[in-house]
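# A structural walkthrough
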Amino acid sequence: MSTPAATSAAPASTSPGAPPRTETLHIEGMTCASCSNFVERALSRTPGVLRATVNLAAEKATVEYTPGQIDHAGLKAAVEQAGYQVFEPQAPAAPNVLAADEELAERKARTYLDLKRRFQVAVVLAVIIMPLSMLMLWPALMARISMPVLNYGLLLLTLPVLLYSGREFYVSAWNGLRHRTASMDTLIAVGTGAAFLYSLAATVAPGFFQRQGLAPDVYYDTTATIIALILLGKVLESRAKAKTSAAIKALIGLQAKTARVLRGGQEVDVPLEQVRHGDEVLVRPGEKVATDGLILEGRSALDESMLTGESLPVEKSVGDQVFGATINKTGSFRFRVSQVGTNTVLAQIVKLVEDAQGSRAPIQRLADKISAVFVPIVIMLAIATFVVWFALAPAGQRLPLALVNFVAVLIIACPCALGLATPTAIMVGTGLGARHGVLIRNAEALEKAYQVDTVLLDKTGTITKGEPAVTEFITAPGTAPAALLPLLAAVERRSEHPLAAAVVRYADLQQQQVRTAPVEATDFVAHEGRGAGATVAEQTVLIGNRRLLDEHNIMLGSELELAADGLLAQARTVLYAAVAGRAVALVGVADTVRDTSETAIRQLQSQGLEVVMMTGDNHQTAEKVAAQVGISRFYAEVLPADKAGKVQQLQAEGRTVAMVGDGINDAPALARADLGLAMGAGTDVAMEAAGITLMRSDLQGVATAIALSRQTVRTIRQNLFFAFIYNALGIPIAAGLLYPFTGWLLSPMLAAAAMALSSVSVLTNSLRLRGFSIEK
Amino acid sequence: MDASQIIVTLLGTGLIGFVGWFFFAAPHRVATAVADGGGVQQVAIQVQGGYSPDVIEVALGQPVQLHFYRNETAGCSEELLLPDFGIRRELPAFQTTTVELRPDKPGTYPFTCGMGMLRGSLLVR
């Protein structure tokens, strides 16, 4: 729950003359409008307060004040002087959305217990009422009991069911009517209310019925049983509902409660809320990392499975990022806090999942439209049922038959099943995704994933590790490798391309051995998709792909040409280097394929998806990698700017395309695709453009994401189908449409059972998703 | 058809018409949000078998705080959905839950209970 008090918590020091500040106070003890006026006046007259408004219903005062003249404590004192209390929520110093709202949980638990008690009372009484109502089946017994006495007895037994167990239905229906809205409660209230009032009349004035030629039958058993069954449905529903959000609660529960912080050279255990940006935190083996930060000292293996779904521990050392809620396995380390509260990775995951759970699936639009008009239409149908039965049934039975069918129609209709069909499946699906390191942005992404038939993979960083390494360094005859390498490294140090990083790493390694001083590059130019150039030691140095050299009209020379062919044949990415307009060297670079890629691609293919690869690499390299992982269609030599174009090209073939990428380069392509999947905890940009973010950086996540989405959407469809069919069949049967042909009538009690089970069935079907596994 | 049948038929037809008018054709109360000193548009909404007010007019581009006070325990109003803003919130009974959003496009945005029975809308102008 968010409270405005948390958002407007004022810092302690504010200089005078600062702009006015608005704060919301929770006022306790106001019972009437005059109380709220009093508080409002008291606050308004307090020096420093510019304006105060008090909302009685919300029990809140919104106060605008000048920070230099009065502060939160002063406002509180003014309210207390007026005789009221200010409720201070335990506002954490750092905004912490993750603080598992225990109060809320407690309230829910209490509501559930209350519901259960009301259900138990209804069941016990219904169990007594039922056999008593069937006494007429034993004429011998009936002869000894007076009918009026029995009816009054039943009335007494039914009253608690109505007034205690079923009270909520009537109150809620009444409140709804005042707002001209009708809900399931309205149907239950009208249905059971009609049966009860009829019975009450038959009990109090049986003579009136007899004069009309009617048997004064009572329907107390119907009333009590319906309420008991519907409460049973509610009990089951509330249990199942709690499970649908269990995944996100588990995520929130992962958070550490305290952190061992270094304060003034001392180790102190402090509550998580008091951990500040820049604090140094110590973590010992087996402990939970409190929040996000960078390791300053030490090394360890961390279990990050709760965030990424990756089961193997990850090695981390100085300079590496650690994340809150992960578990330290082996070593001890010290880290500096870089993120707290809502900015941590865990908090962002929770936020993303919560947002997704709040999103509306396009598939649900029809159900939404129907449920908006559902209840009033059912009420109209029920009245029509009553009228038709009354008009057509034989004289002696027309009132009871009309009444029973009227009640049955009201009771069997279940808008809940329609309403629960989509959201519950989305809650379970997105929660489950988070546990597998698959973060689904919204319900629309889920639906798109269901429709996808083609998966386009950006090779680097998805199929391969994305960290290429130099495997060969071949110089032209007459060029000394040791003299050339520092020049190339100087250019590449300025570039952000992963291939450049590989050259730099390679050069650093070599230079450690020969100890040459690093040189500086000037006039750096990045040639997009081709390479880079700069002036180093007064010479123009170019390094990049073949096209870069061609554009600068530089010939390779036969030795290098031959060597290049050799490297390409080995599926190396080849960088061509030129100094002062002459080709001088080749750098062979290879990126290794992830171990999991081949299996994951096979899984995608077995889901009926065509997997297409695209890469900036040349044709040979692309072909080798594609063959290695079992991909038959690929695009090579794709410039970053063309990636979105390739997506479009596939879409033009009538395909629904999922694009998998990992970097900023991919953002346009991710956005262009029908479904974008950003990999490896992506950059923020990628996360923005992506419908699904994969916390784990391998293709297994893609297969999981698509399989899970498909399963979720399938569940939604089953649920919607069931809910539609249930209502479409149930209502006519309850109305007695089959009676002329088969003589079937639906007892309102059976209708209540069906209705209670229908929403539970939908929920259970959604919960079945929890058994999801990719192998299926 | 005897007299009682004719009466029931007429009454029933009339009642059907009334139900239709009552739920679908009756006018709604519209409330306009009031901006506080900080430019935040504040609206207090009572949740009890429905939302009152249920049609809320807010200005485009300014932050909005909707204070939902749920004055009942009835299960229907337990959840609040603002699908266009990706908001799903649980409304604890007898408490105020504040929902913050910033409307960036003019239009009508519905808010409903978890099952879409209770509804209201946000008119952004």
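Just so we're clear, the structure is a prediction, and the values are computed from it rather than from any experiment.

## Some words on the overall build of chain B
What chain B contains, in helices and strands, is 1 helix and 11 strands. The N-to-C order of helical and strand elements in chain B reads α-β-β-β-β-β-β-β-β-β-β-β. A buried classification covers 56% of the 125 residues belonging to chain B. Contacts in chain B between residues far apart in sequence, at least 24 positions, make up 53% of those at least 6 positions apart. Here chain B has roughly 5,200 Å² of accessible surface; of this, 60% comes from carbon and sulfur atoms.

## A closer look at the overall build of chain A
Tallying secondary structure elements over chain A gives 29 helices and 26 strands in all. Among the 776 residues that make up chain A, the fraction classed as buried is 52%. When contacts within chain A are restricted to residue pairs at least 6 apart in sequence, long-range pairs at least 24 apart make up 68% of them. As presented, chain A carries roughly 34,200 Å² of accessible surface, and 58% of it is formed by carbon and sulfur atoms.

## Description of the packing of aromatic side chains
Residues and elements named next belong to chain A. Considering all chains together, one arrives at 17 aromatic pairs over all chains under this definition. Arranged with centres 6.1 Å apart and planes meeting at 45°, the rings of Phe333 and Phe335 form a pair that is tilted. On the accessibility criterion, Phe335 (0% relative accessible area) is buried. When the ring centre of Phe390 is taken as origin, the NZ or CZ atom of Arg398, which lies over that ring, is 5.5 Å away.

## Points about the interface of chain B and chain A
Interfaces are often sized by the accessible area lost when the parts come together. Listed by partner, the interface residues are 56 residues for chain B and 57 residues for chain A. Buried surface at the junction of chain B and chain A, both sides included, amounts to about 4,800 Å², of which 59% is carbon and sulfur. By the criterion of area lost to chain A, the three top residues of chain B are Phe23, Met115 and Met117 of chain B, representing 15% of everything that side buries. Where chain B packs against chain A, one counts 1 salt bridge.

## A closer look at the sheet that holds strand 12 (residues 327-328) of chain A
Residue and element names in this part refer to chain A. Overall, antiparallel pairing links the 3 strands, which are arranged 10-9-12 in an open sheet. Because the sheet does not close on itself, it has two edges, and the strands there are strand 10 (314-316) and strand 12. Inspection of the sheet shows strand 9 (residues 300-303) paired to strand 10 by 3 bridges, in the antiparallel sense. Within strand 10, the residue paired with Ser300 across the bridge is Lys316.

## Observations concerning the side chain of Ser172 of chain A
Positionally, Ser172 of chain A belongs in helix 7 (residues 167-178). Beyond its immediate chain neighbours, meaning those up to four positions away, Ser172 of chain A contacts Ser183 and Asp185 of chain A together with Gly49, Glu72 and Ala74 of chain B.

## Here's the deal with the confidence of the model for chain A
Residues and elements named next belong to chain A. A residue-level look at chain A finds 90% of positions with pLDDT of 70 or above and a mean pLDDT of 82. The spread of mean pLDDT over the elements of chain A runs between helix 1 (residues 4-7), the lowest at 37, and strand 22 (residues 610-614), the highest at 93. When the criterion is pLDDT under 50, residues 1-17 qualifies, and its contacts beyond four places in sequence or with other chains add up to 26 contacts. Counted against residues more than four places away or in other chains, residues 90-100, with its pLDDT under 50, gives 16 contacts.

## Section: helix 21 (residues 558-569) of chain A
Residues and elements named next belong to chain A. Compared with an ideal rise of 1.5 Å per residue, which puts 12 residues at 16 Å, helix 21 spans 17 Å between its outermost C-alpha atoms and is within 8% of the ideal. Of the positions making up helix 21, those classed as buried are Leu560, Ala563, Ala564, Leu567 and Leu568. Projected onto a plane normal to the axis of helix 21, the buried residues spread over an arc of 135° and lie on a single side. In helix 21, those exposed residues whose orientation departs by more than 90 degrees from the buried face are Ser558 and Leu562. Tucked inside the fold, the buried residues of helix 21 contact strand 16 (469-475), strand 20 (573-579), strand 21 (582-590) and helix 23 (619-629).

## Quick notes on the confidence of the model for chain B
Overall, the predicted model of chain B reaches an average pLDDT of 84, with 97% of residues at or above 70. Model confidence for the complex: the whole-complex pTM is 0.69, and ipTM, which rates the interface, is 0.70.

## So, unusual backbone geometry
One can expect most non-glycine residues to show negative phi and most peptide bonds to be in trans. Cis geometry is found at the peptide bond from Ser52 of chain B to Pro53 of chain B, where omega equals -5°. Relative to the assigned elements, Pro53 of chain B resides in the loop between strand 4 (51-52) and strand 5 (55-58). Although it is not a glycine, Ala325 of chain A sits at a positive phi angle of roughly 80°. Along the chain, Ala325 of chain A turns up in the loop between strand 11 (321-322) and strand 12. A positive phi is found at Glu538 of chain A, a non-glycine position, where the angle reads about 60°. With respect to the helices, strands and loops of the structure, Glu538 of chain A is situated in the loop between strand 18 (531-536) and strand 19 (539-544).

## A closer look at the pattern of salt bridges
All names here are of chain A. Under the defined criterion, the tally for this structure stands at 24 salt bridges over all chains. A salt bridge links Arg334 to Glu297; the nearest nitrogen and oxygen atoms lie 2.6 Å apart. One end of the pair, Arg334, is in strand 13 (residues 333-339); the other, Glu297, is in strand 8 (residues 292-298), and 37 residues separate them in sequence. One salt bridge connects Glu561 with Arg546, and the closest N-O pair in it is separated by 3.0 Å. Separated by 15 residues along the polypeptide, Glu561 in helix 21 and Arg546 in helix 20 (residues 546-551) bring together distant segments of the chain. The exposure class of Glu561 is partly exposed, given its relative accessible area of 28%. For Arg546, a relative accessible area of 31% corresponds to the partly exposed category.

## Quick word on the pairing of strand 5 of chain B
Residues and elements named next belong to chain B. Taken together, the 3 bridges between strand 1 (residues 30-32) and strand 5 define a ladder with parallel strand orientation. Bridge assignment links Val30 to a residue of strand 5, and that residue is Val55. Of the pairings in the sheet, the one linking strand 5 to strand 11 (residues 119-124) comprises 4 bridges and is parallel in character. Each residue of the ladder has a partner; that of Ile56, found in strand 11, is Leu122.

## Considerations on the environment of Phe94 of chain B
Residue and element names in this part refer to chain B. Position of Phe94 relative to the elements: it lies in the loop between strand 8 (87-90) and strand 9 (96-101). Phe94 sits 24 residues away from Arg70 along the chain, and the two C-alpha atoms are 5.2 Å apart. Once residues within four sequence positions are removed from consideration, Phe94 is found in contact with Tyr69, Arg70, Asn71, Glu72 and Thr73.

## As for a positive patch on the surface
Residues and elements named next belong to chain A. A cluster of like positive charges, contributed by Lys116, Arg239, Lys243, Arg435 and Arg770, occupies part of the molecular surface. Among the secondary structure elements, Lys243 is positioned in helix 10 (residues 220-244). Judged by relative accessible area, Lys243 falls into the partly exposed class, the value being 42%.

## Some words on the side chain of Thr712 of chain A
Position of Thr712 of chain A among the secondary structure elements: in helix 27 (residues 700-735). Residue classification places Thr712 of chain A among the buried positions, given a relative accessible area of 0%.

## Some thoughts on the nonpolar core
Formed by 154 residues in total, the largest nonpolar core has its most connected members in Val455, Ile463 and Val702 of chain A together with Leu66 and Phe68 of chain B. Element by element, the count of residues in this core is highest for helix 27 of chain A, at 14 residues. With near-sequence residues (within four places) excluded, Ile463 of chain A lies in contact with Leu457, Asp458, Val593, Arg594, Ser597, Ile601, Met613, Val625, Val629, Ile631 and Leu699 of chain A. Within the second largest apolar cluster, 26 residues are counted, among which are Leu485, Val503, Ala521 and Ile543 of chain A.

## Re the environment of Leu499 of chain A
Residue and element names in this part refer to chain A. You can see Leu499 is positioned in helix 19 (residues 498-514). The spacing of Leu499 and Glu467 is 32 residues in sequence and 8.0 Å in space, taken between C-alpha atoms. Among all residues touching Leu499, those that are not within four sequence positions of it are Pro468, Thr573, Leu575 and Val589.

What counts as what
- Residues numbered from 1 in each chain as written.
- Chains lettered and ligands numbered in written order.
- Predicted model: local features only at pLDDT ≥ 70, side-chain atom pairs only at ≥ 80, totals over all residues.
- Heavy atoms only, no water.
- Helix = DSSP H or I, 4+ residues; strand = E, 2+ residues; numbered from the N terminus.
- Buried < 20%, exposed > 50% of the residue type's maximum accessible area, 1.4 Å probe, protein only.
- Contact = heavy atoms within 4.5 Å.
- Areas by Shrake-Rupley, 256 points an atom, 1.4 Å probe, with all protein chains shown as cover.
- Phe/Tyr/Trp six-rings, centres within 6.5 Å; stacked < 30°, edge-to-face > 60°.
- Lys NZ or Arg CZ within 6 Å of the ring centre and 35° of its normal.
- Buried area = accessible area lost by both parts, 1.4 Å probe.
- Salt bridge = Lys/Arg side-chain N within 4 Å of Asp/Glu carboxyl O.
- Pairing = 2+ DSSP bridges.
- pLDDT = per-residue confidence, 0-100.
- Expected span 1.5 Å × (residues − 1).
- Arc of directions from axis to C-beta.
- Patch = residues over 30% accessible without salt bridge, like charges linked within 9 Å, V, L, I, M, F, W, Y side chains within 5 Å.
- Lys, Arg positive; Asp, Glu negative; His and termini not counted.
- Charge placed at Lys NZ, Arg CZ, Asp CG, Glu CD.
- Core = buried A, V, L, I, M, F, W, Y, C linked by side-chain atoms within 4.5 Å.

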